[in-house]
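Close look at the chain arrangement
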Amino acid sequence: MSENIESVLHEERVFQPPQSFVAEARLNADSLAALHRQAAEDYEGFWAERAREEITWQTPFNTTLDESDAPHYHWFTDGHLNVSYNCLDRHLAERGDKIAIVFEGEPGDTCTYTYRELHAEVCRFANALKAQGIRKSDRVIIYMPMIAEAVIAMQACARIGATHSVVFGGFSAEALRDRANDAGARMIITADGGHRGGKIVPLKAAVDEAIEHGTPSVEKVIVFERTRHGVPMVEGRDVRWQDAIAGQDDVCEPEWVDAEHPLFLLYTSGSTGKPKGIQHSSAGYLLQAILTNKWVFDLHDRDVYWCTADVGWITGHTYVAYGPLALGATQVIYEGAPTVPDGGRFWKVAADHGVTVFYTAPTAIRALMKLGDAFPQAHDLSKLRLLGTVGEPINPEAWMWYHRIIGGEHCPIVDTWWQTETGGHMIAPIPGAVATKPGSCTLALPGIIADVVDEQGNTIAEPDRGGYLVIRKPWPSMLRTVWGDDERYRKTYWGMFDGRFYLAGDSARRDADGYFWIMGRIDDVLNVSGHRLGTMEIESALAAHEAVAEAAVVGRPHDIKGEAIVAYVIMRGERPTGDNAVAMTKTLRDWVAKEIGPIAKPDEIRFTEGLPKTRSGKIMRRLLRSIAKGEIITSDISTLENEAVIAQLQGKA
Ligand code: WTA
């Protein structure tokens, strides 16, 4: 863990919540303290009260926490609800004509949906899903661009009790196939294509390829026409979205489901080669989505909210598809890249739609910061009142730029630590109550008992000493299991400390004020532009190429992406050099893009004749990481047969 510690600067600056903000904030220091006190005195009572206040139940629950099947914890078990009802129907009386979604496509097209219109569209599509044979508990893959219809599809699944699994549109046909098969999905909802970076992302073509390579459970494909570039349709299998909803009623009685009913699966990378399907509940998940949008984003009825995350990631679930809608907020959805047509696009979108609360990733902030201040300064960002970040530690330099140039020095910045597995924010500042420090996600939210412990599971009391980030008590929005693999769930998250607490997989330290500073992953997971990628996942993709004998993948610090991917590759034949190495590098990068997706393309490939291994044959990744960073190697590389290999690993030969 020590190597991660270096990457965290000691930061002394403290920013108090602006007085103007505190005056109108949903939570201030006193109300926050009261919540913490209640959670400390009566943990279950605290959560039961929140669940009764925030969720509209069809049947109220009696049991708050059921620990009989630990570590598969169940919350609010005998209660019944519908998540889509909570996001749409309950706003109709008061906010039917309020805008729910303002959509802007990358080409510049815009449209809006009021809550009443969104409700009607979701109902119509929910009825269409039923007409296509989709029933409660069926799994449905959603593989769409970042358009309003992606949210409509998710909400429609929730409405009929189907469990969706969104696959990021940047993942390849192979990745899509694996996820569809693991989930046993009966349907894929897609689009002909999406606009991204000035190009068309050919989603339907990828679906066709995935199915061609074998997805026995998939019966139907619904295709929304977005790019209209003319895609072939398979008779009997493919249905146009417009045809599917034609004649469907715009009222659809919600399917009332148990609190624990799986709302969705979302695949994410772990230590081993195969991504895991993180399974989330309905009620517990919804509760954290609501609470954190209130507490951390301080969402008010008058806000215009914009979270730039794609629905392919957990952030796009909790902070686009569910949370803001459950609060009846107005939100912006933007389809494309931040730099089309130029580096001012994000700021133009924010200004044009009067965005007040803005949430994005450090990688985007760093990339846009590099383009200079002129872009943001060309737009009126004065309506912004709160800024957020997620996905990786934000370096203080980027934090300060965000604060000064985007926030005009008057917006609190909420650095939110959480994971696909946690469902919603876990550690984050309450903007009207907690002072911020650039680079720290500050303190755990009420009801979340986060801690930093040593190998034995003892709390590390000493300030600034790194350890394992854990959560000591189950919480409502935690993952329920890994789809189809309970064993992996128990082992990964509860194995290390004998089921006593949840292991996040991150290292962290706490400073003298008790503030958390996330240091990085403790497992073999990379964080590239805020996206989780397993090193072994990329290694297996490389090794699947016929010319490759073995591969080892590590991360190297990168000033925009956070981490860059470096692959050490041993070929079956001769080690390529010169032009051959250049050509092979391109082949393998394209190969990985095809196997996983463009985000997993190695930034650098070094061809080698050997890899440093331990006596038991494990690749010495730590050493490879140091080599990738260009550090001088003094430790033992005696497992390597010859000295020349060291130069090869260093990329010098
Ligand atoms: C990292 C994204 C530092 C962390 C919501 C975590 C962060 C992983 C932060 C989860 C943050 C997320 N500061 N690191 N504010 N937020 N991370 O599942 O390593 O895509 O374990 O969820 O991202 O990534 P995931």
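Residues numbered from 1 in each chain as written. Predicted model: local features only at pLDDT ≥ 70, side-chain atom pairs only at ≥ 80, totals over all residues. Heavy atoms only, no water.

Definition in use: UniProt positions are given in the numbering used here, feature names are shortened, and annotations may be inferred rather than shown by experiment.
The name given to the protein in an unreviewed UniProt entry is Acetyl-coenzyme A synthetase, with Acidihalobacter yilgarnensis as the source organism. Annotation of the protein in UniProt includes, under Cofactor (unreviewed entry), the sentence "Mg(2+)". Looking at the protein in UniProt, the text filed under Sequence similarities (unreviewed entry) is "Belongs to the ATP-dependent AMP-binding enzyme family."

1. So, the overall build of the protein
As a reminder of what qualifies: Labels follow the DSSP assignment, with helices taken as runs of H or I lasting at least four residues and strands as runs of E lasting at least two, numbered in each case from the N terminus. Any residue under 20% of the maximum accessible area for its type is buried, any over 50% is exposed, and the rest in between are partly exposed; the area is computed with a 1.4 Å probe on protein chains only. The contact rule is simple, with two residues in contact once any of their heavy atoms fall within 4.5 Å. For the area figures, the Shrake-Rupley method with a 1.4 Å probe applies, and any residue is considered shielded solely by the protein chains shown.
The helix and strand tally for the protein stands at 22 helices and 30 strands. The buried share of the protein, taken over its 653 residues, is 61%. In the protein, the proportion of contacts linking residues at least 24 apart, taken out of those at least 6 apart, comes to 72%. Working note: accessible area of the protein is about 24,200 Å², and carbon and sulfur atoms make up 49% of it.

2. Remarks on the sheet that holds strand S22 (residues 467-471)
What counts, and what does not: When DSSP locates at least two bridges between a pair of strands, those strands are taken to pair. An axis is simply a line fitted to the C-alpha atoms; with a helix, the fit covers only the stretch in contact. Between two such axes, the angle follows the N-to-C directions and lies from 0 to 180 degrees.
Taken together, the 4 strands give an open sheet; going across it, the order is S21-S22-S24-S25, and neighbouring strands pair in antiparallel fashion. Of all strands in the sheet, those with a lone pairing partner are strand S21 (450-453) and strand S25 (516-521), marking the two edges. Direction aside, the axes of adjacent strands within the sheet are offset by 45° on average.

3. Remarks on the pairing of S21
A regular strand carries its side chains on alternate faces of the sheet. Here S21 shows no split at all, with Ala450 and Val452 on one side and Asp451 and Val453 on the other all buried. Across 4 bridges, the pairing between S21 and S22 is antiparallel. Across the sheet, alanine 450 pairs through a bridge with isoleucine 471, a residue of S22.

4. Considering the confidence of the model for the protein
Just so we agree on the cut-off: As a per-residue measure, pLDDT tells how confident the predictor is, with possible values from 0 to 100.
Looking at the protein, the pLDDT average stands at 95 and 97% of residues meet or exceed 70. No element of the protein has a lower mean pLDDT than helix H1 (residues 2-5), at 38, and none a higher one than helix H8 (residues 148-160), at 99. Between residues 1-8, whose pLDDT stays under 50, and residues either more than four places distant or in other chains, the model counts 19 contacts. The complex model carries a pTM of 0.94, and its ipTM stands at 1.00.

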